[in-house]
Amino acid sequence: MLNADDTQFRLAEDGQISFQKQASNPLPGETIATLARGEAILKPKIVMLDGDVLKNQDKGALQTHLEGWFARHVGSVLEPLVGLDKTEAFKAPVKGIAFQVHEALGIVPREGLESLIVALDVDDRKDLRSLKIRLGPILVFIPALNKPAAVRLRALLWGLWHEKDLPMECPKDGIVSFAVDEGVIDKAFYQAIAYPVYGGRAIRIDMLDRVISAVYDVAKDGKFRAQHKMAEWLGSSIEGLYAVLEAMGHEKVFDPVDVADDVQVEESVQPMEGEVDVAVAPSEPRADEVKVAEAVKPELAIFRLKKGKAFEKARPKKAFKKPDAQKDEKPKGKRNKATNRTPKVMSAGPDKKLEDSPFAILEQLKK
């Protein structure tokens, strides 16, 4: 058993580990251990069982071997998630986001990370992309974890960590969304396995994110009109789409259906006296008319947008006003002290001696 291939060990959705003696046999084999709550959500405890298959086996060595096998199994199925514990080279905001996404099994509401997100610079966002983390408008998540195997394994790990009865009820492989009873189900569980719940539907995160992004792309002046493709992405009816949008916090302010119901009036034409009421059979529509009618879809409701911090417009920076050049100049029309001074006369001739001065000669004559 200690020399067996990894493919000979199987993990069931109820947490039991089995061993198949024949490597080519696709059947699970005999149960040899089971999982229990461990020290961390990604590191459950392996409990060895008693059985004939374990006779003459070193259970201590086998348990160590199974722990290594299970770590490799988790690392293979949840590779992007496991890689989030290696962020030593990144800055604090990236480390903080990666840690919270790791602890939440790959998906976290954005509002709880805003203080870290606003601190990200261009290089930090590049680092997050290298970790395969997407900063969605409402949720921060790892798109690569939407595969059925990753969904089932996360369901098992979440159930073990929260000590729930196993197996956990998982969505069918590949399903986009399905109706749930919000009063009964645990929303935290569905969010952890990439199926957040809105409007009575558990919706696969990649499709939900597509709808959310489309909402903000088409929004104008704080409002947006729902689109038929949104319902198609969710795999729901139009009413189901409206319920999802309202659960997100968007407020329906106008529905064309309501207006049509209010103004619709039945018109009947009574035959005039003396005329015969003859029923005329309607003519069959042409093929091109049918095609056009099918292509034209009714307009959907308008919603008032709940605008999150991720889409708030940055406040315009105050433009730097260059000082007026005239302020550095002295005011025109006002004379300063220097303007009242007598102009200086500069002499370029030879220096005059004191005795040659006419004032000196006059002084001598007085004597």
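Computed from a prediction, not measured in an experiment: that's the story for all the values here. (Residues numbered from 1 in each chain as written. Predicted model: local features only at pLDDT ≥ 70, side-chain atom pairs only at ≥ 80, totals over all residues. Heavy atoms only, no water.)

Next up on the list: the sheet that holds strand β8 (residues 177-179). What the three strands build is an open sheet, ordered β8-β10-β9; its pairing is antiparallel. What marks the edges here is a single partner per strand, and that holds for β8 and β9 (197-198). Note: β9 against strand β10 (residues 201-203), two bridges, orientation antiparallel. Bridging across to β10, V197 finds its partner in A202. (Pairing = 2+ DSSP bridges. Helix = DSSP H or I, 4+ residues; strand = E, 2+ residues; numbered from the N terminus.)

Under the defined criterion, the tally for this structure stands at 14 salt bridges. Ionic pairing is found between R134 and D209, a salt bridge with its closest N-O pair at 2.7 Å. In this pair, R134 sits in strand β6 (residues 134-135) while D209 sits in helix α8 (residues 205-218), placing the two residues 75 residues apart along the sequence. In this structure R134 comes out as partly exposed when scored by relative accessible area, which is 33%. In this structure, E182 engages K187 in a salt bridge whose closest nitrogen and oxygen atoms are separated by 2.7 Å. Within the structure, one salt-bridge network assembled from shared partners comprises E13, R152 and D173. (Salt bridge = Lys/Arg side-chain N within 4 Å of Asp/Glu carboxyl O. Buried < 20%, exposed > 50% of the residue type's maximum accessible area, 1.4 Å probe, protein only.)

The next subject is helix α5 (residues 122-130). Residue D121 occupies the N-cap position of α5, its side-chain oxygen lying 3.1 Å from the main-chain nitrogen of D123. Downstream of α5 by one or two residues, K132 has phi in the positive range, about 65 degrees. (Polar contact = N/O pair within 3.5 Å; in protein donor to acceptor, adjacent residues only side chain to side chain.)

Time to look at a nonpolar patch on the surface. On the surface, a nonpolar cluster with roughly 210 Å² of combined accessible area is contributed by V253, F254 and V259. Of note, V253 is situated in strand β12 (residues 251-254). By relative accessible area, which is 34% here, V253 ends up partly exposed. (Patch = residues over 30% accessible without salt bridge, like charges linked within 9 Å, V, L, I, M, F, W, Y side chains within 5 Å. Areas by Shrake-Rupley, 256 points an atom, 1.4 Å probe, with all protein chains shown as cover.)

This part is about unusual backbone geometry. In this structure, P167 follows L166 across a cis peptide bond, with omega equal to 0 degrees. Following the sequence through the fold, P167 ends up in the loop between α6 (148-161) and β8. In this model, E163 sits at a positive phi of 55 degrees, which is unusual for a non-glycine residue. Within the secondary structure, E163 sits in the loop between α6 and β8. Given the relative accessible area of 63%, E163 is considered exposed.

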